[in-house]
Structures are given as C-alpha cells and as structure tokens.
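# Secondary and tertiary structure notes
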Amino acid sequence: MFSLRNCIPFVSAVTLVSCGTESHPSDALSPVSSALQASEGASGPSASGHATVIQASGAKRTFSFHARVMPDGSVQGEYDNHNRALGFVNHGDIDCLRLIGTNGAVLSGPIRRSTNPAFPEGSRVIFRIEDNGEGEDADPDRVSMLANIPAGSTTDCSNAALQALFAIVGGN
C-alpha cells in the first residue's frame with residue numbers, strides 16, 4: 001500500500017491547489033516553491049511505499065520509495081528498484097514530488113548507483129504511483145516503470161508526461 005499525505009491545511013496554497021483533481025506542471029513541489037518556503041516549520045506532503053510488480057515478460061520487480069517536502073520547500077527522499085529476472089538494481093535520490101488528484105503522485109530524481117547500463121549514474125528517473133486505499137473492495141495500488149532521463153535534461157516530475165501504471169501484486 002502506498003501512502004500519500006498531501007493535504008495539511010496550514011502548509012500553503014500551493015499544496016492545497018495540488019490536492020485537487022487536476023495536476024499542472026506548476027503544481028510540482030520543489031526547492032523553488034516560494035509559498036512552501038514561507039511555511040517554515042510546517043510538515044509538508046509526503047509519499048512512500050513498497051511494491052512488487054510482475055512485468056509483461058513475467059519478470060518480478062520490487063520497488064521502494066519515500067519522499068517528503070521539507071519545511072524549506074525542498075523535496076528529500078530515496079528510491080530502490082530491483083529487476084529480479086535480470087539482476088539489475090538502481091538506487092537514487094528523489095528531489096521532485098508532483099501530486100495528482102487525491103491519490104497519485106509523480107516523483108523524480110538522480111540515479112546514484114546502478115548495475116543497469118541503460119540507467120547510468122547521473123541520469124534521472126521519473127515514476128508515477130497511485131494509492132487506491134485498503135480493503136477487499138479497493139482497487140490495487142499501481143506504479144509505473146521507471147523512465148530514464150539523460151543527464152543534463154530539464155525534464156523532472158513537474159513537466160514529465162504521465163506514464164502508464166501497472167497493478168502491484170504485493171506491497172504496502
């Protein structure tokens with residue numbers, strides 16, 4: 001199950017706008033968000049989770065992440081991605097968090113360690129998550145594959161196209 005904590009009334013107007021049903025690139029939470037910087041000491045939105053996904057090839061992928069908007073408006077977090085079939089692992093920071101509606105987010109950040117030549121250190125990843133609640137009647141949570149963005153690109157969670165989502169088969 002993913003966890004999104006995104007509507008804290010005293011944080012800022014930017015945060016409350018991002019809790020609506022539509023998302024715009026300007027809704028991304030990043031170090032340059034002046035409205036969030038004005039709310040020193042307030043807890044910001046956060047997203048975290050762990051998922052197991054079975055890819056179309058039948059390969060198992062496990063994925064964990066956490067990110068939080070800090071009192072100064074910056075975003076801090078990390079992710080770990082393991083492709084069990086091919087033995088690839090990558091790990092990186094999360095420095096951008098874009099909320100989508102009341103149950104989704106797009107996150108991005110630089111790759112710090114990678115055993116996958118297609119995802120070299122220094123490039124960026126972008127991924128999307130969706131938290132669909134708990135219980136028998138809840139739809140499964142979903143997560144996208146990681147999109148690799150070349151080093152030096154200006155693409156991040158604030159301006160990336162939304163990726164396709166895949167239902168998780170286990171996680172929290």
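Everything that follows concerns the structure shown earlier in this document.
Residues numbered from 1 in each chain as written. Predicted model: local features only at pLDDT ≥ 70, side-chain atom pairs only at ≥ 80, totals over all residues. Heavy atoms only, no water.

### Quick notes on the state of the cysteines
- Counted by the stated rule, this structure contains one disulfide.
- Paired by a disulfide, Cys96 and Cys157 hold their sulfur atoms 2.0 Å apart. The chirality of the disulfide connecting Cys96 with Cys157 is left-handed, given an S-S dihedral of about -70°. Note that Cys96 is positioned in strand S6 (residues 96-100) and Cys157 in the loop between strand S10 (147-149) and strand S11 (166-167), a separation of 61 residues in sequence. When sorted by exposure, Cys96 lands in the same class as Cys157, which is buried. (Disulfide = S-S within 2.5 Å. Helix = DSSP H or I, 4+ residues; strand = E, 2+ residues; numbered from the N terminus. Buried < 20%, exposed > 50% of the residue type's maximum accessible area, 1.4 Å probe, protein only.)

### Observations regarding the pairing of strand S5 (residues 88-94)
- Across seven bridges, the pairing between strand S4 (residues 75-83) and S5 is antiparallel. The partner of Glu78 across the bridge, within S5, is Asp93.
- The turn joining S4 and S5, which pair antiparallel and follow one another in sequence, is formed by four residues; a positive phi near 80° is taken by Gly87. (Pairing = 2+ DSSP bridges.)

### Digging into the packing of aromatic side chains
- Tallied over the entire structure, the rule returns five aromatic pairs.
- Consider the rings of Phe63 and Phe65, whose centres lie 5.8 Å apart with planes at 35°: the pair is tilted. The exposure classification of Phe63 matches that of Phe65, with both residues buried.
- Ring plane angle 35° and centroid distance 6.4 Å describe the contact between Phe63 and Tyr79, whose orientation is recorded as tilted. (Phe/Tyr/Trp six-rings, centres within 6.5 Å; stacked < 30°, edge-to-face > 60°.)

### So, the environment of Phe65
- Tracing the backbone through its elements, the reader meets Phe65 in strand S3 (residues 60-69).
- Residues Phe65 and Tyr79 lie 14 residues apart in sequence; the distance between their C-alpha atoms is 4.1 Å.

### Notes on the nonpolar core
- Of all hydrophobic cores here, the largest spans 22 residues; its most connected members are Phe65, Tyr79, Ile94, Leu97, Leu107 and Phe127.
- Sorting the residues of this core by element identifies strand S2 (46-54), S3, S4, S6, strand S7 (104-114) and strand S8 (124-130) as the ones contributing at least two each.
- With four residues, the single largest contributor to this core is S3.
- The contact partners of Phe127, leaving out residues within four places of it in the chain, are Phe63, Phe65, Tyr79, Ile94, Ala105, Val106, Leu107, Ser144, Met145, Leu146 and Gln163.
- By size, the runner-up hydrophobic cluster in this structure holds seven residues, among which are Cys96, Ile100, Ile126 and Cys157. (Core = buried A, V, L, I, M, F, W, Y, C linked by side-chain atoms within 4.5 Å. Contact = heavy atoms within 4.5 Å.)

### Considerations on the side chain of Arg98
- Inspection of the secondary structure assignment puts Arg98 in strand S6.
- Look at Arg98 and you get buried, because its relative accessible area is 6%.
- Polar side-chain contacts of Arg98 include one of 3.2 Å to the backbone oxygen of Ala160. (Polar contact = N/O pair within 3.5 Å; in protein donor to acceptor, adjacent residues only side chain to side chain.)

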